[in-house]
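Per-entry structural report
Chain residues, written in single-letter form:
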Amino acid sequence: MQNTLYVVVPCYNEQEVLPETARRLRDKLQYLINRGSISRKSRILFVNDGSKDDTWAIIQRLHIGNHFFSGLNLSRNRGHQNALLAGLMYAKDQADMVISMDADLQDDIDAVDEMVQKYLEGVDIVYGVRSSRDRDTFFKRTTAEGFYRLMNALGAETVFNHADYRLMSRRALDGLAQFREVNLFLRGIVPMIGYRTDVVTYERGERFAGESKYPLKKMLAFALEGITSLSVKPLRLITGLGFFIFVVSLFMILYNVIRWVGGHTVTGWASLSCSVWLIGGLILLSLGVIGEYVGKLYMEAKGRPRFLVQEVVDEQD
Ligand code: UDP
Ligand code: MG
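Described below are features of the structure shown in this document. (Residues numbered from 1 in each chain as written. Chains lettered and ligands numbered in written order. Predicted model: local features only at pLDDT ≥ 70, side-chain atom pairs only at ≥ 80, totals over all residues. Heavy atoms only, no water.)

On to the site of ligand 1. Taken together, 19 residues lie around ligand 1, and Glu 14, Asp 49, Asp 104, Ser 212 and Lys 213 are the ones closest in. A distance of 2.6 Å separates a nitrogen atom of ligand 1 from a polar side-chain atom of Asp 49. At 2.5 Å, a side-chain N or O of Asp 104 approaches an oxygen atom of ligand 1. Computed on the free molecule, ligand 1 has an accessible area of 530 Å², of which 94% lies beneath the protein chains in the complex. Among the residues making up the shell around ligand 1, the classes are represented as five nonpolar, five polar and nine charged. (Near = heavy atom within 4 Å. Polar contact = N/O pair within 3.5 Å; in protein donor to acceptor, adjacent residues only side chain to side chain. Areas by Shrake-Rupley, 256 points an atom, 1.4 Å probe, with all protein chains shown as cover. Nonpolar A, V, L, I, M, F, W, Y, C, P; charged D, E, K, R; others polar.)

The protein atoms that coordinate the magnesium ion (ligand 2) are Asp 104 (OD) and Gln 106 (OE1), at distances of 1.9 Å. Look at Asp 104 and you get buried, because its relative accessible area is 4%. Among the residues examined, Gln 106 registers a relative accessible area of 13% and is labelled buried. (Donors = N, O, S within 2.8 Å, 3.2 Å for Na, K, Ca; no water. Buried < 20%, exposed > 50% of the residue type's maximum accessible area, 1.4 Å probe, protein only.)

The next thing to look at is the packing of aromatic side chains. Applying the stated criterion across every chain, the model contains two aromatic pairs. Note on Phe 46 and Phe 69: the rings are 6.0 Å apart at their centroids and 25° apart in plane angle, and the pair reads as stacked. Of this pair, Phe 46 sits in strand β2 (residues 43-48) while Phe 69 sits in strand β3 (residues 69-74), and the two are 23 residues apart along the sequence. Grouping residues by exposure puts Phe 46 and Phe 69 together as buried. Consider the rings of Tyr 165 and Tyr 202, whose centres lie 5.1 Å apart with planes at 85°: the pair is edge-to-face. (Phe/Tyr/Trp six-rings, centres within 6.5 Å; stacked < 30°, edge-to-face > 60°. Helix = DSSP H or I, 4+ residues; strand = E, 2+ residues; numbered from the N terminus.)

These results come straight from atomic positions and should not be treated as a statement about function.
Pasting the structure below:
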């Protein structure tokens, strides 16, 4: 095998964009093959993540029409991260380098040229980083950037403004395969792999067609997943907070004892009830955070498969 590229594209209900995405990716692949940067065995691998629409039928048609297109059909919807992992784990045995990108053409396909170039120069992981978020809504921009800052403050190393558009060499993917966690947050795990890394910047556009498959609820769940599956810092913060409150309460007791010795009547039941509420809230919060980790331990202990492949269409010549 020589410089074989697989482009992995997870798809969930993407029938509106898929034909256009396929067309543009095919042209890109053809261009790179003609230029001699990648081998003829390169493929575009669509991973159907249990779509409810015609996505899989379209992928099958694409495959029949052109052997550049391959498909992986998952047994059911498992979410973006798991679908992506399924594609990466399949592709790593076929390819020398794998690029992951979304189906909606938000990631600039032309950045692929530069990624491949860097791979040829010996880089193992090339991160696609958005140069600006001008085209995002104010809300999406501030929440997303706040999320990256929070992640880094909490000790989870992520690449700023990098989503899942990246190139990984076979060696890096073999490394990724050894991370056996079920709570999957790829953009937190990939930086842990190491090797030579580089960055390619690109403008992120708007979704070509269809709706975002990441509504606010999924986004929040994803952020929580990222923080709790990568870092134990929240636990430590709680411990620190608990200790601080304990010290404060010691001073409060001392103060009250002095007042009692001085013969003053006890006043201020309001502050008392306030502190009861405060402590109650803190205990609940702490329990919640601990529960979060216990839940994760529970899931990891089960060791369920992260995805199941139902069908593969991939022409190997
Ligand atoms: N996706 C997936 N499974 C899901 C949800 C999304 O495979 O359960 C795919 C989707 O088809 C797309 C990518 O993940 O290729 C990113 O989703 P989307 O563009 O909707 O997210 P956004 O860009 O709005 O954050
Ligand atoms: Mg998108």
